[in-house]
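Report on the structure
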Amino acid sequence: MDLYVHPPRTSTGADARLVDSLAALSRVVVAITARTLADLDVDVTLNQLRTIVVLASRGPLRTVDLAAALHVHPSTVTRTCDRLTRRGLVVRHQGATDRRVTWLALTESGKDLVGEVMRRRAAHIRDLLRRPDTGPHGTDLTGTDGRRTGADGGLAGTRGSAGALGEVAVSA
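1. Quick look at the packing of helix H2 (residues 46–58) against helix H4 (residues 74–86)
Following both chains from N to C, one finds H2 and H4 inclined at 85°, their axes separated by 10 Å at the closest point. Comparing the axis directions of H2 and H4 gives the class roughly perpendicular. Where H2 abuts H4, its residues Gln48, Thr51 and Ile52 lie against Thr80, Cys81, Arg83 and Leu84. The residue makeup of the contact of H2 with H4, split by class, is three nonpolar, three polar and one charged.

Structure below.
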């Protein structure tokens with residue numbers, strides 16, 4: 001009995017292996033980020049982290065612009081930022097020329113959290129890349145070109161979705 005759902009193959013050969021490797025890498029980065037949040041013991045979800053990462057990378061944004069950047073409805077941003085405001089990570093400002101416009105920005109605590117998550121996540125990734133063996137579950141760390149491209153890293157079962165951190169890039 002096969003317990004796993006296998007995605008349909010739309011390409012073959014090297015493309016398929018590359019796509020599989022990149023998808024595995026994406027899952028690893030999301031899992032490492034989730035682990036980092038758990039290690040920091042902060043009450044922030046991956047989607048909330050994604051929101052503050054966009055604010056950290058782009059600066060203050062209007063609600064509608066943040067929603068567009070996150071590819072969500074503005075009401076979703078409003079609810080998310082309500083929670084982040086209560087946690088002291090985001091602050092709202094009314095527009096100077098138009099009070100109907102609300103600007104969202106990170107607080108110093110929000111900036112500190114993003115910085116700490118990124119530092120810890122980078123350290124986890126460096127540790128993973130330094131491992132000479134395969135992952136603890138026998139996952140190969142090398143891709144089709146012989147470079148390490150991803151592994152389970154002992155993080156299987158961590159919740160998250162690929163691309164959850166839209167703005168964040170990892171370079172090797």
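More follows now that the structure is in view.
2. Structural notes on the sheet that holds strand S3 (residues 102–106)
Strand order in the open sheet made by the three strands is S1-S3-S2, with antiparallel pairing throughout. Among the strands making up the open sheet, the edge pair consists of strand S1 (61–62) and strand S2 (90–94). One ladder, built from two bridges, connects S1 with S3; its direction is antiparallel. Residue Leu61 lies in a different strand from S3, and its bridge partner there is Leu104. In the packing of H2 onto the sheet, contacts are made with S1, S2 and S3, and the angle to S3 comes to roughly 95°.

3. Section: H2
For H2, spanning 13 residues, the distance from its first C-alpha to its last is 18 Å, which sits close to the expected 18 Å at 1.5 Å a residue. Every buried residue belonging to H2 is among Leu46, Gln48, Leu49, Arg50, Thr51, Ile52, Val53, Val54 and Leu55, and all of these are buried. Backbone geometry just downstream of H2 places Gly59 in the positive-phi region, at approximately 85°.

So, how was this worked out
Residues numbered from 1 in each chain as written. Predicted model: local features only at pLDDT ≥ 70, side-chain atom pairs only at ≥ 80, totals over all residues. Heavy atoms only, no water. Axes fitted to C-alpha atoms, helices over the stretch in contact; angles between N-to-C directions. Helix = DSSP H or I, 4+ residues; strand = E, 2+ residues; numbered from the N terminus. Parallel < 35°, antiparallel > 145°, perpendicular 65-115°, else oblique. Contact = heavy atoms within 4.5 Å. Nonpolar A, V, L, I, M, F, W, Y, C, P; charged D, E, K, R; others polar. Pairing = 2+ DSSP bridges. Expected span 1.5 Å × (residues − 1). Buried < 20%, exposed > 50% of the residue type's maximum accessible area, 1.4 Å probe, protein only.

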